[in-house]
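Descriptive analysis of the structure
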Amino acid sequence: MPAYLLLFFAIVSEVAATTALKASDGFTRPLPVLVVVVGYALAFWLLAATLKQLPLGLTYAVWAGLGIVGSAVLSYFLFSESFGVMKMAGMTLILAGVVIANLSPSGVP
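Read on for a plain summary of the structure. Only a predicted model underlies this, so the values are computations on that prediction, with no experimental measurement involved.

Assigned secondary structure in the protein chain consists of 4 helices and 0 strands. Helices (α) and strands (β) of the protein chain occur, in sequence order from the N terminus, as α-α-α-α. Counting only C-alpha atoms, the protein chain reaches 50 × 35 × 20 Å along its principal axes. The proportion of buried residues among the 109 residues of the protein chain is 31%. On the protein chain, roughly 6,900 Å² of surface is accessible, and the fraction owed to carbon and sulfur atoms is 76%.

Moving on to the nonpolar core. With 13 residues, the main nonpolar core has L7, I11, V62 and W63 as its most contacted residues. Of all the elements in the fold, those that place two or more residues in this core are α1 (3-23), α2 (30-50) and α3 (56-79). Of all the elements, α1 adds the most residues to this core, at 5 residues. Beyond its immediate sequence surroundings of up to four residues, W63 is in contact with L7, A10, I11, E14, A43, F44 and L47.

Criteria and thresholds
- Residues numbered from 1 in each chain as written.
- Predicted model: local features only at pLDDT ≥ 70, side-chain atom pairs only at ≥ 80, totals over all residues.
- Heavy atoms only, no water.
- Helix = DSSP H or I, 4+ residues; strand = E, 2+ residues; numbered from the N terminus.
- Buried < 20%, exposed > 50% of the residue type's maximum accessible area, 1.4 Å probe, protein only.
- Areas by Shrake-Rupley, 256 points an atom, 1.4 Å probe, with all protein chains shown as cover.
- Core = buried A, V, L, I, M, F, W, Y, C linked by side-chain atoms within 4.5 Å.
- Contact = heavy atoms within 4.5 Å.

That is the geometry; function is a separate question.
Here it is in structure tokens:
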């Protein structure tokens, strides 16, 4: 499977697990707890597979950046958490950083 597809599924799994962590209500609801455990296990397994093909720095930048944005967007829709202008600006900067990291030629500081 292509590395970026593995990374995409790793990010989706991590965002699902993080969202379920909030829904687990402090690990008191069994179904969300199951999603947390399976989601994080799958996310890290897929991330490890991704790292066989992509460099760590780039992979982690994409993983963290898109994970943060995905979690923030889902929390807005699922948990009615705030998403104001400042948060939008921050998310835009994170996404810009991910794009810049991906455009940077390898071996160039």
